[in-house]
Amino acid sequence: LAVLAAVAAVVIAAAGVVCYLAHSSTSFFPGSAIAGVEIGGLKPEEAAEKTVGEVLGREIYLRLGEDELTLTAGDLAAYREEDITSTVFAAYNDQHKAGFLSGGMAYFKGLLGKNTLTHVLPYNETALALAAAELKAAYDRAPQDASYALRENGVSVTVARDGRDIDAAALTQMLANAVSMTDGNAVDLNVSFGTAPAKALTAQAIHDQIAGEMKNAGFDPATQTITPESLGASFDIAAAQKLLDDAAPGETVTIPATI
């Protein structure tokens, strides 16, 4: 009984010490963290400064087709510094307004590494939507329809190239999810594109249009004017189609032809 009484006295004394430490503390309790930023033992001003620096400095890697881009949460204006600071101070006030015993329990959990804060940083959705719109404007590509022109030595054909289109709303949500990550690691985002189809032309279609355009110059009695000639061309359709099939999207090739 004497041993049990001594142990109980030690436990009660230790609990009292922990409760006193919590009640008299002017810093965040041990183990405290906001948005993955460790702030235990820091005064609220120090914790706010650290949280602002680490959160705004987190990197996001964007892959946009063949392009790669590295941005930080600060580059995206994902958070307002004043919002981060106010959240940190609110967390401090909530932690320290707890009662003597409940505050001591929270302090003790922190010593065991189990103290967590539930405060969430509010990201700036308007800024993220603006960033997504700017990325869309920079990396979208309009479709390029196939076209052709008659040259002295043949027919110059530019092969069709499909356009690409970013879903700005989906990208905004991807950015929001990325900046909300709290493990402190850089985030990889693979941005997908929708397809904006371009109008293609086959060698047969080009041949049919060009062959039908041939016309000699003439004289129009009604208007007393000369009508200009219209050039036409003849070429091997099968060979021309292979040339077009082998060309890269958007590439310009010359089909040998008799003008």
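Conventions and cut-offs
Residues numbered from 1 in each chain as written. Predicted model: local features only at pLDDT ≥ 70, side-chain atom pairs only at ≥ 80, totals over all residues. Heavy atoms only, no water. Helix = DSSP H or I, 4+ residues; strand = E, 2+ residues; numbered from the N terminus. Buried < 20%, exposed > 50% of the residue type's maximum accessible area, 1.4 Å probe, protein only. Contact = heavy atoms within 4.5 Å. Areas by Shrake-Rupley, 256 points an atom, 1.4 Å probe, with all protein chains shown as cover. Phe/Tyr/Trp six-rings, centres within 6.5 Å; stacked < 30°, edge-to-face > 60°. Core = buried A, V, L, I, M, F, W, Y, C linked by side-chain atoms within 4.5 Å. Axes fitted to C-alpha atoms, helices over the stretch in contact; angles between N-to-C directions. Parallel < 35°, antiparallel > 145°, perpendicular 65-115°, else oblique. Left-handed = near helix turned anticlockwise from the far one by under 90°. Nonpolar A, V, L, I, M, F, W, Y, C, P; charged D, E, K, R; others polar. Pairing = 2+ DSSP bridges.

**Student:** Give me the overall build of the protein chain: which residues, what numbers.
**Tutor:** Helix and strand counts for the protein chain come out as eight helices and 12 strands. Counting every position in the protein chain, which comprises 259 residues, the buried fraction comes to 33%. Considering only intrachain contacts with a sequence separation of at least 6, the fraction spanning at least 24 residues in the protein chain is 67%. When the accessible area of the protein chain is evaluated, it comes to approximately 14,900 Å², of which 57% is carbon and sulfur surface.

**Student:** I'd love a proper account of unusual backbone geometry, names of residues and values included.
**Tutor:** The backbone of A77 sits at a positive phi, close to 55°, despite the residue not being glycine. The class for A77 is partly exposed, based on a relative accessible area of 35%. Backbone geometry places Q224, a non-glycine residue, at a positive phi of 55°. By the secondary structure assignment, Q224 is in the loop between β10 (218–220) and β11 (225–227).

**Student:** Before we move on, could you go through the packing of aromatic side chains and cite the residues and values that matter?
**Tutor:** Evaluation of the coordinates by the stated rule reveals one aromatic pair. Residues F28 and Y92 carry aromatic rings whose centres are separated by 5.4 Å and whose planes lie at 75° to one another, so their mutual orientation is edge-to-face. Taken together, the positions of F28 in the loop between α1 (2–24) and β1 (33–34) and Y92 in helix α3 (residues 81–96) put the pair 64 residues apart, joining distant regions of the chain. Since its relative accessible area comes to 2%, F28 is described here as buried.

**Student:** So, the nonpolar core: which residues are in play, and what are the values?
**Tutor:** In this structure, L62, L76 and L175 are the most contacted members of the largest nonpolar core, which totals 38 residues. Elements with a minimum of two residues in this core: α2 (44–56), β3 (59–64), α3, α5 (125–139), α6 (168–179) and β8 (187–191). If near-sequence neighbours (up to four positions away) are discounted, L62 is found in contact with D67, E68, L69, L71, L135, L175, L189 and V191. The next biggest cluster of nonpolar side chains, apart from the first, holds 14 residues, and it includes I206, I210, F235 and V253.

**Student:** Before we move on, can you summarise the packing of α2 against α3 with the specific residues and values?
**Tutor:** At a minimum axis distance of 9 Å, the contact between α2 and α3 shows a crossing angle of 135°. One finds that α2 runs oblique with respect to α3. At the point where α2 passes α3, the crossing takes the right-handed sense. Counting all contacts with α2, which are made through P44, E45, A47, A48, T51, V52, V55 and L56, the residues of α3 involved are E81, I84, T85, V88, F89 and Y92. Tallied by class, the residues present in the contact of α2 with α3 amount to 10 nonpolar, two polar and two charged.

**Student:** Could you give an account of the environment of V155, naming the residues involved and the relevant values?
**Tutor:** Residue placement: V155 occurs in strand β6 (residues 154–158). Take V155: its relative accessible area is 0%, and that puts it in the buried class. With 55 residues separating them in the primary sequence, V155 and I210 have C-alpha atoms 9.4 Å apart. Setting aside its immediate chain neighbours within four residues, V155 contacts Y148, A149, L150, I206, I210, A233, F235, V253, T254, I255 and A257.

**Student:** Before we move on, can you summarise the pairing of β3 with the specific residues and values?
**Tutor:** Only one face of β3 is covered, namely the one carrying I60, L62 and L64; the face carrying E59, Y61 and R63 has none of its residues buried. Bridge count between β3 and strand β4 (residues 67–72): six bridges; the pairing is antiparallel. Residue pairing for β4: L62 is matched across the bridge by L69. Here β3 folds back onto β4 in antiparallel fashion, the turn holding two residues, of which G65 has a positive phi close to 65°. As paired strands, β3 and β8 are joined by five bridges and run parallel to one another. Bridge pairing in β8 links L62 to L189.

**Student:** For the sheet that holds β8, give the residues involved together with the corresponding values.
**Tutor:** Sheet strands associate in pairs through backbone hydrogen bonding, adopting either a parallel or an antiparallel arrangement. An order of β4-β3-β8 is seen for the three strands of this open sheet, with the pairing classed as mixed. Both edges of this open sheet fall to β4 and β8, since each of them pairs with a single strand only. Direction aside, the axes of adjacent strands within the sheet are offset by 20° on average. Those strands touched by α6 are β3 and β8, and its axis lies near 170° from that of β8.

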